[in-house]
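# Summary of structural features
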Amino acid sequence: MELDLITFLIVCPLVFLGGLVDAVAGGGGLIALPAYLIAGVPAHLALGTNKLSSAMGTVVSAFRLWRAGFLNIRKSLPAIVCSLLGSAAGAHLALLVPERVFELILVGLLPIAAFFVLSKRAVMSNDEGIITAREQLVILCIASLICGAYDGFYGPGAGTFMLLAFTLWAKMGVRSASGTMKAVNLASNIAAFATFALSGEVIWLLGLTAGIFGIAGHYIGAGLVLQNGTKIVRPIIGAVLIQVVLSMMGFASGIWATALTYIVVMLVILAKPSGLF
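Residues numbered from 1 in each chain as written. Predicted model: local features only at pLDDT ≥ 70, side-chain atom pairs only at ≥ 80, totals over all residues. Heavy atoms only, no water.

## Regarding the overall build of the chain
- Helices and strands together make up the secondary structure of the chain, namely 11 helices and 0 strands.
- Start at the N end of the chain and walk to the C end: the helices and strands fall as α-α-α-α-α-α-α-α-α-α-α.
- Per-residue burial for the chain yields a buried fraction of 52% across its 277 residues.
- When contacts within the chain are restricted to residue pairs at least 6 apart in sequence, those whose partners lie at least 24 apart make up 82%.
- About 12,700 Å² of surface is accessible on the chain, with carbon and sulfur atoms providing 71% of the total. (Helix = DSSP H or I, 4+ residues; strand = E, 2+ residues; numbered from the N terminus. Buried < 20%, exposed > 50% of the residue type's maximum accessible area, 1.4 Å probe, protein only. Contact = heavy atoms within 4.5 Å. Areas by Shrake-Rupley, 256 points an atom, 1.4 Å probe, with all protein chains shown as cover.)

Below, the structure is given as structure tokens:
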């Protein structure tokens, strides 16, 4: 695929926005992956390139949580291995699906993933339950294997699904679950990225550039007030999903879809100035 300035103007700002949203309330993948589709990147290339930019941002987040003491590498290692295996299998499966069919799958799954991501706080517990270490390990490994496979095949919402599984079923506290989730999610990102890269389904220049924008979005998003994050995230993700559908149906070109998305974002920010910073 030939790259032009328009492709970068569409992808990079939206990946930045995805990083910002992810830092505020999670669900950034619901913006980052569609960014490539809006820009007209073929489905397999979009997924592979998104894994590159996503892994860059996840490295920063995982390191930050490790430094804060939320991540125990030794205890997380079995889950990390399961995530690697599941993600590699999911990515291999994705590569077997015909391009046009896979494109329809990507778009069709977006609103479903968005629903679960945006409703996660209604079901997530902050309390650690009583469970044996062996039972917790088994649950972590099974959840990591399944969520890793989903992340390799598709991706958006994978971190949220892991966090829900780790807190609800593995009975981890939210902080330790968040740290473990970042490590497991990083492993699934790397495995999927490696699988797509070996198959030639990564646009390196675009992915690396977008990854830098994603890291910047994470950094700025860290300064936002978390308790009001969901109010900001929902209209932003909704706007992106609408633009993906319009672009795929040919009703809006990528650059105009991106411009409209940013108009919505600015209106949301202006409408809630006191709850953002």
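Now, onward.
## Here we look at the environment of Ile212
- Structurally, Ile212 is set in helix α9 (residues 204-221).
- Ile212 gets classed as exposed once you look at its relative accessible area, which sits at 55%.
- Taking the C-alpha atoms as reference, Ile212 lies 7.7 Å from Met56; in sequence the two are 156 residues apart.

## Digging into the packing of helix α3 (residues 43-67) against helix α8 (residues 174-198)
- Remark: α3 packs on α8, axes separated minimally by 8 Å, with the N-to-C direction vectors making an angle of 150°. Accordingly, the angle class assigned to the pair α3 and α8 is roughly antiparallel. For the element pair α3 and α8, the recorded crossing hand is left-handed. The segment α3 lies against α8, with His44, Leu47, Gly48, Lys51, Leu52, Ser54, Ala55, Thr58, Val59, Ser61, Ala62 and Leu65 engaging Ser178, Gly179, Lys182, Asn185, Leu186, Asn189, Ala192, Phe193 and Phe196.
- The residue inventory of the contact of α3 with α8, partitioned by class, reads 10 nonpolar, 9 polar and 2 charged. (Axes fitted to C-alpha atoms, helices over the stretch in contact; angles between N-to-C directions. Parallel < 35°, antiparallel > 145°, perpendicular 65-115°, else oblique. Left-handed = near helix turned anticlockwise from the far one by under 90°. Nonpolar A, V, L, I, M, F, W, Y, C, P; charged D, E, K, R; others polar.)

## Looking at the environment of Ala183
- Residue placement: Ala183 occurs in helix α8.
- Judged by its relative accessible area of 7%, Ala183 is buried.
- For the pair Ala183 and Trp66, spaced 117 residues apart in sequence, the C-alpha to C-alpha distance is 9.0 Å.

## Observations regarding the nonpolar core
- Counting 40 residues, the largest nonpolar core has Tyr36, Val41 and Phe102 as its most contacted members.
- The set of elements that each furnish at least two residues to this core consists of α1 (5-25), α2 (29-38), α3, α4 (73-96), α5 (99-118), α8 and α9.
- A total of 8 residues in this core trace back to one element, the largest contributor, which is α1.
- Here Val41 is in contact with Met1, Tyr36, Ala46, Ile203 and Leu206, once residues within four sequence places are set aside.
- Formed by 17 residues, the second largest nonpolar core is a distinct cluster that contains Leu140, Met162, Ala170 and Val184. (Core = buried A, V, L, I, M, F, W, Y, C linked by side-chain atoms within 4.5 Å.)

## Describing the packing of aromatic side chains
- Applying the stated criterion to the full structure yields 5 aromatic pairs.
- Taking 5.5 Å as the distance between ring centres and 90° as the angle between the ring planes, the aromatic pair formed by Phe102 and Phe153 counts as edge-to-face. Of this pair, Phe102 sits in helix α5 while Phe153 sits in helix α6 (residues 133-153), and the two are 51 residues apart along the sequence. Summarising the burial analysis for this pair, Phe102 and Phe153 share the class buried.
- Ring geometry for Tyr150 and Tyr154: centres 5.7 Å apart, planes at 70°, overall edge-to-face.
- One aromatic cluster is present, formed by Tyr150, Tyr154 and Phe161 through successive ring pairs. (Phe/Tyr/Trp six-rings, centres within 6.5 Å; stacked < 30°, edge-to-face > 60°.)

## Side note on a nonpolar patch on the surface
- A cluster of nonpolar side chains, contributed by Leu77, Val81, Leu85, Val138, Ile142, Leu145 and Ile146, occupies part of the molecular surface with about 630 Å² of accessible area.
- Secondary structure elements with two or more residues in the nonpolar patch: α4 and α6.
- Ranked by residues supplied to the nonpolar patch, first place goes to α6 with 4 residues.
- Here Leu77 is to be found in helix α4. (Patch = residues over 30% accessible without salt bridge, like charges linked within 9 Å, V, L, I, M, F, W, Y side chains within 5 Å. Salt bridge = Lys/Arg side-chain N within 4 Å of Asp/Glu carboxyl O.)

## A few points about the confidence of the model for the chain
- Counting all residues, the mean pLDDT for the chain is 81, and 73% of those residues have values of 70 or more.
- Summarising per-element confidence for the chain, the mean pLDDT is lowest in helix α11 (residues 254-271) (58) and highest in α4 (96). (pLDDT = per-residue confidence, 0-100.)

## Observations concerning the pattern of salt bridges
- The final tally for this structure, using the stated rule, is 2 salt bridges.
- Among the salt bridges present, the one from Lys51 reaches Asp151, with a minimum N-O distance of 2.6 Å. Pair noted here: Lys51 is in helix α3 and Asp151 is in helix α6, with a separation of 100 residues, a long-range link. In this structure, Lys51 and Asp151 share a single accessibility class: buried.
- Arg100 is paired through a salt bridge with Glu103; the nearest N and O atoms lie 2.2 Å apart. Highlighted residues: Arg100 and Glu103, both in helix α5, separated by 3 residues, approximately one helical turn.

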